[in-house]
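Residue-level structural notes
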Amino acid sequence: MSPALFQLAPDLFVSRLCFGTMTFGEQNTLPQSFRLLDEAFHSGINFFDSAEMYPVPQRRDTHGRSEEYLGRWIIERKIPRDNVILATKVAGPSGQMEWLRGGPHSLDSKNISEAINSSLYRLNTDYIDLYKIHWPDRYVPMFGETEYDPNKQYTSISMEEQLEALQKALNAGKIRYIGLSNETPYGLMKFLQLSKDFQLRSKILTIQNAYHLLCRNFDAGLAECCHHEKISLLAYSPMAMGLLSGKYFSENGGPSDARLNLFKGRYSEGESRYKLSKPVVKSAIQEYVRIAEKYGISPASLAIAFVLNHPLVASAVFGATKLFQLKEILNGSNINLTEDIISEIKEVHLRYPNPCP
């Protein structure tokens, strides 16, 4: 059974599973990526997510490959462009990626324009369906941080300049819709307020933030904003970077090619957020695995079903490096959680709230 479709806009219908491609070009070769994309597409997934900085861990030699692989797949498989929904992202300020426009230093108009043109080229397409700001051009606690420190604020590019750059891309037909990512309630509401001055309010559709059994920070403040403003959540990392499969807590510590094993010590964003050494993380995961086993479903499928059960989630942005992982995720999209399962999940969350924020 194919994943259901969700209407983001009058002319934009996306599958409730979105294939995130950030392993393509690092963990997955081109032929492996094509096999995964083939299986996903033929199973009813029409929504594909990338970013200019992918794959991860990010490095000079591989940056942009994920978009390139995705674009080559569409061309070589002769897939009609209007049969797929392409989403990608412009990187926010970073001092770690000097190969990406010198940092990038900011999200000014020049950086956004160059990023869009480069993504269009790599994706082999004339337009991007959903274009997102990967993370804000201002200080915000993210990627595992939870407490705001006003002393860390820096001079940043105004939201008005960012919106003006996106407006130009929309008018030129390079992008169709806009999304935010790793945003806060303040950031979302401010963007929406300012977007009215640019006649862009109807073009901002989504926010892409982490949401999974180990991280429900979205529900604390963003959920109310999204509900009233009709903004849909694209929930990334629904498997908590694979932790919720339980594989890292097997006797041998999980497969050697699992991401947190393969890139141990080289993937700071993942390791700082998904700390395998924290007892509370292990305890929470073991409880969710127990629930899945009790009801005869895989832990991965339970994790996906939980995310898709949220009323504000349009699509779960997942990653998969192997076909069996993809099939478990597809199975999860067809599971209806019973009241008993939901009740047991709530009990675990009360004991171990958000161990991987």
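Here the structure is shown first, and the text comes after it.
**What about the overall build of the protein chain?**
Regarding its fold elements, the protein chain presents 12 helices and 10 strands. For the protein chain, the C-alpha radius of gyration of 19 Å lies close to 21 Å, the compact-globule estimate for 357 residues. Summarising its shape, the C-alpha atoms of the protein chain cover approximately 55 × 50 × 40 Å along the three principal directions. Classification of the 357 residues of the protein chain by burial places 58% in the buried group. Long-range pairs, those at least 24 residues apart, make up 76% of the contacts in the protein chain with a sequence separation of at least 6. Summed over all atoms, the accessible surface of the protein chain reaches about 15400 Å², with 49% contributed by carbon and sulfur. The protein chain carries 39 positive and 39 negative side-chain charges, and their two centres are separated by 2 Å.

**Focus on the packing of aromatic side chains**
Enumeration over the complete set of coordinates arrives at 8 aromatic pairs. Measuring from centroid to centroid gives 6.1 Å for Tyr211 and Phe218, while their planes differ by 80°, and the two rings are edge-to-face. Taken individually, Tyr211 and Phe218 each receive the classification buried, so the pair is uniform in this respect. Residues Tyr211 and Phe306 carry aromatic rings whose centres are separated by 5.9 Å and whose planes lie at 10° to one another, so their mutual orientation is stacked. On the criterion of sequence distance, the pair formed by Tyr211 in the loop between strand E8 (204–210) and helix H6 (222–229) and Phe306 in helix H10 (residues 299–308) is long-range, its members being 95 residues apart. Taking the relative accessible area as the measure of exposure, Tyr211 reaches 3% and is therefore buried. Given a relative accessible area of 10%, Phe306 falls into the buried group. We note Arg81 situated over the ring of Tyr127; from NZ or CZ to the ring centre the distance is 4.0 Å. The cationic tip of Lys203 hangs over the ring face of Tyr177; the distance from NZ or CZ to the ring centre is 4.7 Å.

**Overview of helix H3 (residues 109–123)**
For H3, with 15 residues, the first-to-last C-alpha span of 21 Å sits near the 21 Å given by 1.5 Å per residue. For H3, the set of buried residues is Asn111, Ile112, Ala115, Ile116, Ser119, Leu120, Arg122 and Leu123. Looking straight down H3, one finds that the buried residues subtend no more than 165° of arc, so they occupy a single side. Away from its buried face by more than 90 degrees, H3 exposes Lys110 and Tyr121.

**Observations concerning unusual backbone geometry**
The step from Val56 to Pro57 runs through a cis peptide bond, and the omega angle for that step is -10°. Here Pro57 is to be found in the loop between strand E4 (47–49) and helix H2 (65–76). With a phi close to 50°, Arg101 is a non-glycine residue in the positive phi region. On the secondary structure map, Arg101 appears in the loop between strand E5 (85–90) and H3. We note that Ala240 has phi near 50°; this positive angle belongs to a residue other than glycine. Among the secondary structure elements, Ala240 is positioned in the loop between strand E9 (232–236) and helix H7 (259–262).

**Let's talk about the sheet that holds strand E10 (residues 313–318)**
Two strands in a sheet stick together by hydrogen bonds in their backbones, pointing the same way (parallel) or opposite ways (antiparallel). Ordered in space as E3-E4-E5-E6-E7-E8-E9-E10, the 8 strands form a closed barrel in which the pairing is parallel. Taking each pair of neighbouring strands and ignoring which way they run, the sheet shows an average axis angle of 30°. Relative to E10, strand E3 (residues 17–20) runs parallel, the two being bridged by 3 bridges. Bridging across to E10, Leu17 finds its partner in Ala316. With respect to the sheet, helix H5 (residues 185–195) is in contact with strand E6 (128–133), strand E7 (175–181) and E8, its orientation differing from that of E8 by roughly 165°. In the packing of H10 onto the sheet, contacts are made with E3, E9 and E10, and the angle to E10 comes to roughly 150°.

**Points about the pairing of strand E1 (residues 5–9)**
As defined by bridge partners, E1 adjoins strand E2 (residues 12–15) across 4 bridges and the pair is classed as antiparallel. Note that in E2 the partner of Ala9 across the bridge is Leu12.

**Describing the side chain of Asp129**
Along the chain, Asp129 falls in strand E6. What makes Asp129 buried here is its relative accessible area of 1%. Only 2.8 Å separates the side chain of Asp129 from the backbone nitrogen of Leu86, close enough to count as a polar contact.

**Describing the pairing of E9**
Extensive coverage of E9 is indicated by the burial of 5 of its 5 residues. Burial of E9 is two-sided: the residues Ser232, Leu234 and Tyr236 facing one way and the residues Leu233 and Ala235 facing the other way are all buried. Pairing analysis gives 5 bridges linking E8 to E9, with the strands arranged parallel. What sits directly across from Ala210, in E9, is Tyr236. Sheet analysis places E9 next to E10, joined by 4 bridges and oriented parallel.

**Overview of the side chain of Thr62**
In this structure, Thr62 sits in the loop between E4 and H2. Its relative accessible area of 0% is what places Thr62 among the buried residues. Contact partners of Thr62, with chain neighbours within four places excluded, come to Gly25, Glu26, Tyr54, Pro55 and Pro57.

**Describing the nonpolar core**
Of all hydrophobic cores here, the largest spans 106 residues; its most connected members are Phe48 and Leu243. Sequence-distant contacts of Phe48, defined by excluding residues within four places in its chain, comprise Cys18, Phe19, Leu37, Ala40, Phe41, Leu70, Trp73, Val84, Ile85, Leu86 and Ala87. Within the second largest apolar cluster, 16 residues are counted, among which are Val14, Leu130, Leu205 and Ala314.

Rules behind the numbers
- Residues numbered from 1 in each chain as written.
- Predicted model: local features only at pLDDT ≥ 70, side-chain atom pairs only at ≥ 80, totals over all residues.
- Heavy atoms only, no water.
- Helix = DSSP H or I, 4+ residues; strand = E, 2+ residues; numbered from the N terminus.
- Rg over C-alpha atoms; globule rule 2.2 N^0.38 Å.
- Buried < 20%, exposed > 50% of the residue type's maximum accessible area, 1.4 Å probe, protein only.
- Contact = heavy atoms within 4.5 Å.
- Areas by Shrake-Rupley, 256 points an atom, 1.4 Å probe, with all protein chains shown as cover.
- Lys, Arg positive; Asp, Glu negative; His and termini not counted.
- Charge placed at Lys NZ, Arg CZ, Asp CG, Glu CD.
- Phe/Tyr/Trp six-rings, centres within 6.5 Å; stacked < 30°, edge-to-face > 60°.
- Lys NZ or Arg CZ within 6 Å of the ring centre and 35° of its normal.
- Expected span 1.5 Å × (residues − 1).
- Arc of directions from axis to C-beta.
- Pairing = 2+ DSSP bridges.
- Axes fitted to C-alpha atoms, helices over the stretch in contact; angles between N-to-C directions.
- Polar contact = N/O pair within 3.5 Å; in protein donor to acceptor, adjacent residues only side chain to side chain.
- Core = buried A, V, L, I, M, F, W, Y, C linked by side-chain atoms within 4.5 Å.

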